[in-house]
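So the chains spell out like this:
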Amino acid sequence: MDALPVARLQFATTTSFHFLFVLLTLGLVTMVAVMQTRAAVGGKPELLRMTRFWGRLYVINYALGIVTGIVMEFQFGLTWTGLSAFAGDVFGAPLAIETLVAFFLESTFLGLWIFGFGRMHKWLHLALIWLVTLTAYASALFIMLANSFLQNPVGSRLEGGTLHLDDFGALFSNPALAASLPHVVSAALVTGGFFVVGVSAYHFLKRTAEVEFFRRSMRLGVVTALIGSIFVVNQGFAQFGKLKMYQPDKLGEAAVGAPLGLMITLGFAMLLCALLGTLLLFRNWLTKARLLHYLMVAAIPLPFVASIMGWLVRELGRQPWLIWGKLRTADAVADVPAGQILFSFIAFSLLFAALAVADWVLMARVAKRGPDPAGEPAELPVLSGV
C-alpha cells in the first residue's frame, strides 16, 4: 500500500471538516457582534434576545470546531514530518501565532463574554464580543498566511537543505494571500447569512409566534448574505489574475476542472438567491413568501459545498508540490508504514464524523426550539434545554 494517497486523503478529509466549522463560526460571530451593537445602542430587548439566541448557536459550533482544529494539528507531527523538517522555521511561525490568538486570546474573550451576560456593563460586554470577532479574523489571517506560503514560498531562503525565514513581512504581501483572504472572509459571511436566513425561514414555515424576532433576523441574514456573495464572486475572480504571478498553469490542471465549475456555479447561485431575498425585503414580502422559505432552508448547505470545492481547487492545483517549487508532497510524508497512516485516517474520520453529528444535533435542537421567552434572565446558558 502506498502511504502518499492515504496521507493526502486523510489531510483533505480532516481539513475539510474543520473548514466547515470555521466558516460558520466566523460568519455567526460577526452577525452576533452586529446584533449586540444594535442592542446596546438602541436598547431594544428584541435585539438582546437575538444576541442570546444566535450567540448560543455560535458558541456550540465554536466549541466543537476547536476540537476539530486540535485533531487536525496532530497530522503535521504524525504524517507530514518532512514539511516540518524542511520548512518548519517558516511554516511554523504563523501557525504558532494563530495558536496563541485562537486558543488563548479568542477563547479567553469568549469565556468572559459568555459568563458576562447580565453581569457586566453593557459597553464592556459589547467590547468583549468585538474582541472575540477580531481575534477570530486574526486567526484566519495567520492560517491563510501559512497556506499562502505553501502556494508561493516568499520571504524565505534555502540554506543547508532547509528553508529559513528571512522576511516575515513578505508573508503579508504574498500575492497568494491578497485575494484569498478576502475570499475566505466573504465566504464566511455568506455561510453565516444563509444559516441565519434558513433557520428563520424554518420558523416561518412552522407558523412561529416570534414573527418580529425572526423577521429582524432574516433581514440581517439576507443583507449579510448579499454583501458576502458579492465579495465572494469578486475576490474569486480576482484570484485568477493573481495566479499568473505564481502558479500560471494551475487552472489548466484536469484535477481542478470539476470542483472549479461547481464552485463558480454555486457562487452565482448564492448571489442570485441573496439578490432575490433583498428584492423581497424591500417589497416587505420576505416573511410572506412561503415557497421562498422552503428554498431558504434547502439553501443552508450551499455555502459549505461551494467552500469545499474552492478549497479543492486551491489545493489540488498545487500538486505534485506541497511547497510550490520547493518541496514535493511525496517527499514530505512521514517515513511510517502506510497501515499506520490508514489507521489514523480511519480514527480521525470517525472522530470528525462524530463531532459533525454532535454539532448538527445540538445546533438543530437549539435552532428548532427558538429564542427564550421575553423577560428571561439576560444570561447565556449555552446547553440549557439541549
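Cut-offs and rules
- Residues numbered from 1 in each chain as written.
- Predicted model: local features only at pLDDT ≥ 70, side-chain atom pairs only at ≥ 80, totals over all residues.
- Heavy atoms only, no water.
- UniProt positions renumbered as here; feature names shortened; annotations may be inferred.
- Helix = DSSP H or I, 4+ residues; strand = E, 2+ residues; numbered from the N terminus.
- Rg over C-alpha atoms; globule rule 2.2 N^0.38 Å.
- Contact = heavy atoms within 4.5 Å.
- Areas by Shrake-Rupley, 256 points an atom, 1.4 Å probe, with all protein chains shown as cover.
- Lys, Arg positive; Asp, Glu negative; His and termini not counted.
- Charge placed at Lys NZ, Arg CZ, Asp CG, Glu CD.
- pLDDT = per-residue confidence, 0-100.
- Core = buried A, V, L, I, M, F, W, Y, C linked by side-chain atoms within 4.5 Å.
- Buried < 20%, exposed > 50% of the residue type's maximum accessible area, 1.4 Å probe, protein only.
- Expected span 1.5 Å × (residues − 1).
- Patch = residues over 30% accessible without salt bridge, like charges linked within 9 Å, V, L, I, M, F, W, Y side chains within 5 Å.
- Salt bridge = Lys/Arg side-chain N within 4 Å of Asp/Glu carboxyl O.
- Polar contact = N/O pair within 3.5 Å; in protein donor to acceptor, adjacent residues only side chain to side chain.
- Axes fitted to C-alpha atoms, helices over the stretch in contact; angles between N-to-C directions.
- Parallel < 35°, antiparallel > 145°, perpendicular 65-115°, else oblique.
- Nonpolar A, V, L, I, M, F, W, Y, C, P; charged D, E, K, R; others polar.

Looking at an unreviewed UniProt entry, one finds the chain named Cytochrome ubiquinol oxidase subunit I, with Amycolatopsis eburnea as its source organism. Of the comments in the UniProt record for the chain, the one headed Sequence similarities (unreviewed entry) reads "Belongs to the cytochrome ubiquinol oxidase subunit 1 family." Note on the chain: under the UniProt heading Subcellular location (unreviewed entry), the record states "Cell membrane".

The subject of this paragraph is the overall build of the chain. Helix and strand counts for the chain come out as 13 helices and four strands. Taking 386 residues into account, the globule formula puts the C-alpha radius of gyration at 21 Å, and the chain, at 22 Å, falls close to it. Taken over the C-alpha atoms alone, the chain extends approximately 65 × 40 × 40 Å along its principal axes. Summarising the internal contacts of the chain: among those between residues at least 6 apart in sequence, 83% fall at separations of at least 24. Only carbon and sulfur atoms are counted for the fraction: they give 70% of the accessible area of the chain, which is about 16,800 Å². When the 27 positive and 20 negative side-chain charges of the chain are each reduced to one mean point, those points stand 16 Å apart.

This part covers the confidence of the model for the chain. Residues with a pLDDT of 70 or more make up 95% of the chain, whose mean pLDDT is 86. Across the chain, the element-wise mean pLDDT spans from 82 in helix α9 (residues 257–282) up to 93 in helix α7 (residues 180–205).

Moving on: the nonpolar core. In this structure, Leu83, Phe91, Phe149 and Ile323 are the most contacted members of the largest nonpolar core, which totals 55 residues. Counting residues per element, this core draws most heavily on helix α4 (residues 122–151), at eight residues. Contacts of phenylalanine 91, omitting those with residues within four sequence positions, involve Phe76, Leu83, Ala146, Phe149 and Leu150. Counting 49 residues, the second-largest nonpolar core is a separate cluster that includes Trp54, Ile60, Ile114 and Phe117.

The next thing to look at is the environment of leucine 47. Relative to the assigned elements, leucine 47 resides in helix α2 (residues 45–78). Distance from leucine 47 to threonine 13, taken between C-alpha atoms, is 38 Å for residues 34 residues apart in sequence. In contact with leucine 47, not counting residues within four places along its chain, are Met35, Arg38, Ala39 and Arg216.

So, about helix α11 (residues 302–316). Compared with an ideal rise of 1.5 Å per residue, which puts 15 residues at 21 Å, α11 spans 21 Å between its outermost C-alpha atoms and is within 8% of the ideal. Of all 15 residues that make up α11, eleven are buried, and the element is covered over most of its length. Along α11, the positions that sit buried rather than exposed are Pro303, Phe304, Ala306, Ser307, Ile308, Met309, Gly310, Trp311, Val313, Arg314 and Glu315.

The next thing to look at is unusual backbone geometry. For the bond from glutamine 319 to proline 320, the omega torsion is 15°, close enough to zero to count as cis. Tracing the backbone shows proline 320 in the loop between α11 and β3 (321–323).

A cluster of nonpolar side chains, contributed by Val223, Ile227, Ile230 and Phe231, occupies part of the molecular surface with about 340 Å² of accessible area. Of note, phenylalanine 231 is situated in helix α8 (residues 211–246). Overall, phenylalanine 231 belongs to the partly exposed group, its relative accessible area being 44%.

All right, on to the side chain of arginine 318 then. Along the polypeptide, arginine 318 turns up in the loop between α11 and β3. Assessed through its relative accessible area of 3%, arginine 318 is described here as buried. Polar contacts involving the side chain of arginine 318 include one to the side chain of glutamate 315, which spans 2.9 Å.

A separate point is the packing of helix α3 (residues 81–115) against α4. Axis separation between α3 and α4 bottoms out at 8 Å; the angle between their running directions is 170°. Classified by the interaxial angle, the pair formed by α3 and α4 is roughly antiparallel. Split by residue class, the contact of α3 with α4 holds 26 nonpolar, three polar and two charged.

Attention now goes to the environment of alanine 353. Assignment of secondary structure puts alanine 353 in helix α13 (residues 338–369). According to the relative accessible area criterion, alanine 353 is partly exposed, its value standing at 31%. For the pair alanine 353 and phenylalanine 17, spaced 336 residues apart in sequence, the C-alpha to C-alpha distance is 8.3 Å.

A word on the pattern of salt bridges. Under the defined criterion, the tally for this structure stands at seven salt bridges. Salt-bridge contacts for glutamate 46 lead to arginine 49; the nearest nitrogen and oxygen are separated by 3.4 Å. Separated by three residues within a single helix, glutamate 46 and arginine 49 lie in helix α2, roughly one turn from each other. Here the two residues glutamate 46 and arginine 49 agree in accessibility, since each one is buried. Glutamate 315 is paired through a salt bridge with arginine 318; the nearest N and O atoms lie 2.9 Å apart. Each member of the pair, glutamate 315 as well as arginine 318, carries the same accessibility label: buried.

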